[in-house]
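# Fold and contact review
Chain by chain, the residues:
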Amino acid sequence: MEKINELRKQDTKKLSESLGEKHNELVEKKIMYTVGKSKDTSIFSKLKKEIARIKTVLKEKEVLNEQSNA
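One structure accompanies this document, and this report is about it. (Residues numbered from 1 in each chain as written. Predicted model: local features only at pLDDT ≥ 70, side-chain atom pairs only at ≥ 80, totals over all residues. Heavy atoms only, no water.)

## Regarding the overall build of the protein
Scanning the protein from terminus to terminus reveals three helices and zero strands. Beginning at the N terminus, the succession of helices and strands in the protein can be written as α-α-α. For the protein, whose C-alpha radius of gyration is 15 Å, the value lies well above the compact-globule estimate of 11 Å for 70 residues. Along the first, second and third principal axes, the C-alpha set of the protein runs to 50 × 15 × 15 Å. Counting all 70 residues of the protein, 21% fall into the buried class. Considering only contacts in the protein between residues 6 or more positions apart, those separated by 24 or more positions represent 68%. Accessible surface, the protein as shown: approximately 5,400 Å² in total, 52% of it carbon and sulfur. Averaging the positions of the 17 positive and the 12 negative side-chain charges in the protein gives two centres separated by 6 Å. (Helix = DSSP H or I, 4+ residues; strand = E, 2+ residues; numbered from the N terminus. Rg over C-alpha atoms; globule rule 2.2 N^0.38 Å. Buried < 20%, exposed > 50% of the residue type's maximum accessible area, 1.4 Å probe, protein only. Contact = heavy atoms within 4.5 Å. Areas by Shrake-Rupley, 256 points an atom, 1.4 Å probe, with all protein chains shown as cover. Lys, Arg positive; Asp, Glu negative; His and termini not counted. Charge placed at Lys NZ, Arg CZ, Asp CG, Glu CD.)

Here's what the structure looks like:
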């Protein structure tokens, strides 16, 4: 799990890649839980929170970029 300050230091491309990886990981964990290979449901909320952090930082960067171009 990355802290928000660590995410802010990354560029947009890296953040987008991380977002895709986290989405894929979430889907994989849901499938594993569904077929009974995993009993840990706490990972779902952890991954969702990480995805939200990444989306937040991406939105911050987008807004800052729009303000600097205006």
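After presenting the structure, the write-up continues.
## Quick notes on a nonpolar patch on the surface
A cluster of nonpolar side chains, contributed by Val27, Ile31 and Val35, occupies part of the molecular surface with about 280 Å² of accessible area. The topology assignment puts Val35 in the loop between helix H2 (12-34) and helix H3 (42-69). (Patch = residues over 30% accessible without salt bridge, like charges linked within 9 Å, V, L, I, M, F, W, Y side chains within 5 Å. Salt bridge = Lys/Arg side-chain N within 4 Å of Asp/Glu carboxyl O.)

## Here's the deal with empty space enclosed by the protein
In total, this model carries one cavity of 30 Å³ or more according to the counting rule given. Considering only enclosed or pocket space, the largest cavity measures out at about 40 Å³ in volume. Lining the largest cavity are Glu2, Leu7, Lys22, Glu50, Arg53 and Ile54. If one sorts the elements of the lining of the largest cavity by residue count, H3 sits on top with three residues. Considered class by class, the residues forming the lining of the largest cavity number two nonpolar, no polar and four charged. (1 Å grid on protein atoms, 1.4 Å probe; cavity = no way out; pocket = protein on both sides within 12 Å on 5 of 7 lines; lining within 4 Å. Points joined across faces, edges and corners; volume = space filled by probe spheres on them. Nonpolar A, V, L, I, M, F, W, Y, C, P; charged D, E, K, R; others polar.)

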